[in-house]
Amino acid sequence: MSWLAKLYETYDGIEGLHDTKVGNTLWPMSHFVKNAHIEVVVDIEGNFQAGRAKILNGKDGPTLIPATEASAGRAGAKIAPHPLCEEIGYCAADYPKANLEKTTAYLTQLNDWAGSTWTHPKVKAIYKYLAKQKLWSDLSSQFEFPLKVEKADGTSLKIPAEKVFIRWSVDEVGNPIHGTWQDDELINAWIAYDRKNNNKRGFCHVLGGEARIASNHPRFIRWPGDGAKIVSSNDASGFTFRGRFTDSKKSIDESGAQAVCIGFDVTQKAHNALRWLISHQGHRNGDQIYVAWAVSGKSVPAAFEDPWAILGKSVSLQEDIGSESENGIDHGIDLGASLAHKFNEYLNGFGKNLEPNEQIVVIGLDSATTGRMGIVYYRELLASEFLLRLDAWHTQFAWPQRHAIEVPNSNQSKQLVWPTWSPPPKHIAEAAYGDILKSNDSLRKSLHERILPCIVDGRPFPRDILNAAIRRASNRNNCEHWEWERNLGVACALYRGFHQRHPDENQRRKYTMTLEEDNRSRDYLYGRLLAIAERIEEIALSVGGENRPTTAARLMQRFADRPSSTWRNIELGIQPYMHRLQGKRPGFLTNRKKELDAVISDFKPDDFTSDKSLSGEFLLGYHCQRMIYRNTQTETTLED
């Protein structure tokens, strides 16, 4: 019940924040958004405005409509009309194949509302027109059925006549608001009418007191058309969700329901708030949804998104490096540093906006079937605690990550940058398991379920995911080059973060993100050797005008398994390239030889001859050594 109480409280906090776009509005109670296909215009006297009815294509279709509890949850052959906007099969009494039971139910309900204290001029005008029973003849003279509409993705869809959904626009002198979905007075009129005519009372376990009890709970939570519900209703027939409850309709009337009851206002506001939060700041992983929010309605950091996606679009490369280009500073490096700085500012900005003791809630949802949804993750935290854990994640798991950006006013189509921050869960999953995720939805979901507690709860990172990422980063022959570069950055970030949160405190260690020249670890030194050998061959191939994988690249997986014996093969393999460089790049070759000698001299004798497989630490040494070369592009010039 805690999640319902928090969302119910959140509704009031975000009520004034909704934007004007219909699909993104915070739904009022007893309303929901549905795709309409035709907009019909009548005047205030209930006369059809010929030639003004129009087909609603793409983004014009979503329309806020009033609904009863029964109509909002109707499915299959159940007859439960919406109060105002409806399908032709319900509201066109002159439709040749009209179901009399449907049209009667619809018109009776609309007539009751139009004749009540809570009526509205638009409602009266619409009922007056429909009572003439001319809707089908008016529409069929203007449109061809089945109706062809264009969807938001640009594809077309044919809709049978009885399923064509109608929305209403009423011309009224002196009233600039014509659409029923735009008129706040009409919206409030339906809410008041519905509250008055559907007021079954009971004990609400969220409010802790008597209130109007909900008999159906909302759906359409994750996206339009999503039929999965979080809360199921007890049923008096079929017994699908009865479980252990033995009460009947008679016993419920006499002594109340055995199942927990939830107030109508609570479930409507809570689900509408959750729907709004998901559409604005939800993190989607297929059918899985994760969302973090402040109960007060204030903005919170996007905890599970890629920092690049959050900040990348707002960054201008030219502005960041324009004054430094004359100093020979690499643009990509500088942008990486400035982006990391901006991300820290991004987190700090929320710290200034949120009170330390403000409540933050994180919830994860997933559906096992198309009709039922469950909560797979739920946490309540203080804002100060939430921000500290986000900061810890982005600090401890930070590592230079490869990104390609477009450079304005440049001959280069794209430029590589290496901003330093933590990889998002999606990249971690892809780096660890690659294409397997495309055919294994359960694995992708379970990975997110295991990674997110590391971000929100500060838990140690799972070792098996780390090992999978290291294995894939060590084998650069199983994917595209850009993908391997991303996998390498992710694996380094995970190895660094894992050791800062190692379950055994004695094994905890902090690795720097720059080359540790005093690091005498066997695995780290072997990583550096591999990077130096690769660099020698890369430059030699470049001098010779060749473009093909280096020996170090091809033998990387084998090198990780048997470093000592594989190193001898790599060392022999680069000899011809060293001879080539001797005449054309002697300075460069001399420097690389010095580096090889320095690294090899740092080995302990037994370490260098041991063929024991390497840990993920060798990737840190390898990546840091490569970054040194990347950051000093001038070494290939005559200076070297």
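Here is what the cut-offs are and how they apply
- Residues numbered from 1 in each chain as written.
- Predicted model: local features only at pLDDT ≥ 70, side-chain atom pairs only at ≥ 80, totals over all residues.
- Heavy atoms only, no water.
- Helix = DSSP H or I, 4+ residues; strand = E, 2+ residues; numbered from the N terminus.
- Buried < 20%, exposed > 50% of the residue type's maximum accessible area, 1.4 Å probe, protein only.
- Contact = heavy atoms within 4.5 Å.
- Pairing = 2+ DSSP bridges.
- Phe/Tyr/Trp six-rings, centres within 6.5 Å; stacked < 30°, edge-to-face > 60°.
- Arc of directions from axis to C-beta.
- Axes fitted to C-alpha atoms, helices over the stretch in contact; angles between N-to-C directions.
- Core = buried A, V, L, I, M, F, W, Y, C linked by side-chain atoms within 4.5 Å.
- Polar contact = N/O pair within 3.5 Å; in protein donor to acceptor, adjacent residues only side chain to side chain.
- Parallel < 35°, antiparallel > 145°, perpendicular 65-115°, else oblique.
- Left-handed = near helix turned anticlockwise from the far one by under 90°.
- Nonpolar A, V, L, I, M, F, W, Y, C, P; charged D, E, K, R; others polar.
- Expected span 1.5 Å × (residues − 1).
- 1 Å grid on protein atoms, 1.4 Å probe; cavity = no way out; pocket = protein on both sides within 12 Å on 5 of 7 lines; lining within 4 Å.
- Points joined across faces, edges and corners; volume = space filled by probe spheres on them.
- Salt bridge = Lys/Arg side-chain N within 4 Å of Asp/Glu carboxyl O.

Q: Explain the overall build of the protein here, please?
A: Helices and strands together make up the secondary structure of the protein, namely 25 helices and 18 strands. The 640 residues of the protein split such that 51% are buried. Restricting the contact set of the protein to residue pairs at least 6 apart, pairs at least 24 apart contribute 69%.

Q: Would you mind going over the sheet that holds strand β2 (residues 38–43) with me for this structure?
A: Sheets are built from strands paired through backbone hydrogen bonds, the pairs being either parallel or antiparallel. Reading across the sheet, the four strands line up as β3-β2-β8-β5 and stay open at both edges, with mixed pairing between neighbours. In this open sheet, the two edge strands, each paired with only one partner strand, are β3 (54–55) and β5 (86–87).

Q: Looking at this structure, how should I read the packing of aromatic side chains?
A: Note on aromatic pairs: each is described by the distance of the centres and the angle between the planes. Under the criterion given, the structure shown has 19 aromatic pairs. Taking 4.2 Å as the distance between ring centres and 25° as the angle between the ring planes, the aromatic pair formed by Trp393 and Phe397 counts as stacked. Taking relative accessible area as the criterion, Trp393 reaches 2% and is therefore assigned buried. Between the aromatic rings of Tyr526 and Phe608, the centroid separation amounts to 5.9 Å while the plane-to-plane angle is 10°, which identifies the pairing as stacked. Highlighted residues: Tyr526 in helix α18 (residues 522–543) and Phe608 in helix α24 (residues 605–609), separated in sequence by 82 residues.

Q: Help me out: how do you make sense of helix α5 (residues 121–130) in this one?
A: Restricting attention to buried positions, one finds in α5 the residues Lys122, Val123, Ala125, Ile126, Tyr129 and Leu130. Mapping the buried residues of α5 onto a view down its axis gives an arc of 165°, with all of them on the same face.

Q: When you look at the pairing of β2 in this model, what are you seeing that I'm missing?
A: Consecutive side chains of a regular strand alternate in pointing toward one face of the sheet and then the other. Burial of β2 is extensive: six of the six residues sit out of reach of the surface. Because side chains alternate across β2, one face comprises the buried residues Ile38, Val40 and Val42, and the other comprises Glu39, Val41 and Asp43, equally buried. Bridging between β2 and β3 involves two bridges; their strand directions are antiparallel. Across the sheet, Ile38 pairs through a bridge with Ile55, a residue of β3. In the sheet, β2 pairs with strand β8 (residues 165–171) via six bridges, with the strands oriented parallel. Note on β8: the bridge partner recorded for Asp43 is Asp171.

Q: Just checking my understanding: could you explain the sheet that holds strand β14 (residues 373–382) for this structure?
A: With respect to topology, four strands assemble into an open sheet ordered β11-β12-β13-β14, the strand pairing being antiparallel. Each of the sheet's edge strands pairs with one partner strand only, and the pair in question is β11 (283–285) and β14. Adjacent strand axes in the sheet meet at a mean angle of 15° when their direction is disregarded. Note that strand β13 (residues 359–367) and β14 share nine bridges and pair antiparallel. Of the residues in β14, the one forming a bridge with Ile363 is Tyr378. Sheet strands in contact with helix α9 (residues 264–281) are β11, β12 (288–294) and β13, and its direction is about 100° off that of β12. Running at roughly 105° to β14, helix α13 (residues 383–396) makes contact with β12, β13 and β14 of the sheet.

Q: Would you explain the nonpolar core in this entry?
A: Soluble globular proteins tend to bury their nonpolar side chains together. Within the largest apolar cluster, 93 residues are counted, with the highest numbers of intra-cluster contacts made by Phe386, Phe461 and Leu619. If you tally residues by element for this core, the top one is α18, at twelve residues. Ignoring anything within four residues of it in the chain, the contact list for Phe461 reads Trp393, Phe397, Ile428, Ile451, Cys454, Leu466, Leu494 and Phe498. Within the second largest apolar cluster, 51 residues are counted, among which are Val33, Ala36, Leu84 and Val123.

Q: Whenever I open this one, the side chain of Glu617 confuses me. Can you help?
A: On the secondary structure map, Glu617 appears in helix α25 (residues 617–631). In terms of polar contacts, Glu617 uses its side chain to reach the side chain of Tyr511, at 3.2 Å. Setting aside chain neighbours within four positions, we find Glu617 in contact with Tyr495, Arg509, Tyr511, Asn519, Ser521, Asp523 and Tyr524.

Q: Explain the side chain of Ser71 to me, please; I cannot follow it from the model alone.
A: Tracing the chain through its elements places Ser71 in helix α2 (residues 69–72). Judged by relative accessible area, which is 2%, Ser71 ranks as buried. Reaching out from Ser71, the side chain makes a polar contact with the side chain of His82 at a distance of 2.9 Å. Look past the residues within four positions of Ser71 in its chain and what remains in contact with it is Ala80, Pro81 and His82.

Q: Explanation requested: the packing of α18 against α25 in the structure shown.
A: Each pair of packed helices gets described by two things: the angle between the helix axes and the distance between those axes. Interaxial distance between α18 and α25 falls to 6 Å at its minimum, and their mutual angle equals 40°. In terms of orientation, α18 and α25 fall into the oblique class. Between α18 and α25 lies a crossing whose hand is right-handed. Contact residues: Asp523, Tyr524, Gly527, Arg528, Leu530, Ala531, Ile532, Glu534 and Arg535 in α18; Glu617, Phe618, Leu620, Gly621, Tyr622, Cys624, Gln625, Arg626 and Tyr629 in α25. Tallied by class, the residues present in the contact of α18 with α25 amount to nine nonpolar, three polar and six charged.

Q: In this structure, what is going on with α9? I would like to understand it.
A: Side chains of residues three or four places apart in an α-helix project in the same direction, reflecting 3.6 residues per turn. The end-to-end C-alpha distance of α9, which contains 18 residues, comes to 26 Å, matching closely the 26 Å that a straight helix rising 1.5 Å per residue would cover. Within α9, 14 of the 18 residues are buried, leaving the element largely enclosed by the surrounding structure.

Q: Can you walk me through the pairing of strand β4 (residues 62–66) in this structure?
A: The buried fraction of β4 is high, at four of five residues. In terms of strand pairing, strand β1 (residues 31–35) meets β4 through five bridges, oriented antiparallel. Among the inter-strand pairings, Val33 is bridged to a residue of β4, identified as Leu64.

Q: Would you mind going over empty space enclosed by the protein with me for this structure?
A: Any empty space left between the atoms is revealed when a probe the size of a water molecule rolls over them. With the rule as written, the count across this model stands at two cavities of 30 Å³ or more. Approximately 200 Å³ is the volume attributed to the largest cavity. In terms of lining residues, the largest cavity is bounded by 19 residues, among which Phe32, Ala72, Pro218, Arg219 and Gln268 are the most central. For the lining of the largest cavity, the secondary-structure elements that each account for two or more residues are β1, α2 and α9. Of all the elements, α9 adds the most residues to the lining of the largest cavity, at four residues. For the lining of the largest cavity, the residue count by class is seven nonpolar, eight polar and four charged. There is about 30 Å³ of room inside the second largest cavity. Lining the second largest cavity we find Ala303, Phe304, Glu305, Pro307, Trp393, His394, Ser422, Pro423, Pro424, Pro425 and Ile455.

Q: What am I meant to see in the pattern of salt bridges here?
A: A pair can form between side chains of opposite charge whenever their charged atoms are brought close. Within this structure, the stated rule accounts for 37 salt bridges. Lys445 is the partner of Asp366 in a salt bridge, and the nearest nitrogen-oxygen pair spans 3.1 Å. Remark: Lys445 occurs in helix α15 (residues 441–456) and Asp366 occurs in strand β13; sequence separation between them is 79 residues. Here Asp366 and Lys445 have matching classes, each one buried. Residue Glu595 pairs with Arg592 through a salt bridge whose shortest N-O separation is 2.9 Å. Taken together, the residues Glu595 and Arg592, both in helix α23 (residues 586–602) and three residues apart, mark about one turn of the helix. One exposure class covers both Glu595 and Arg592, and it is buried. When salt bridges with common partners are traced through the structure, they connect Arg379, Glu385, Arg389, Asp457 and Arg459 into a single cluster.

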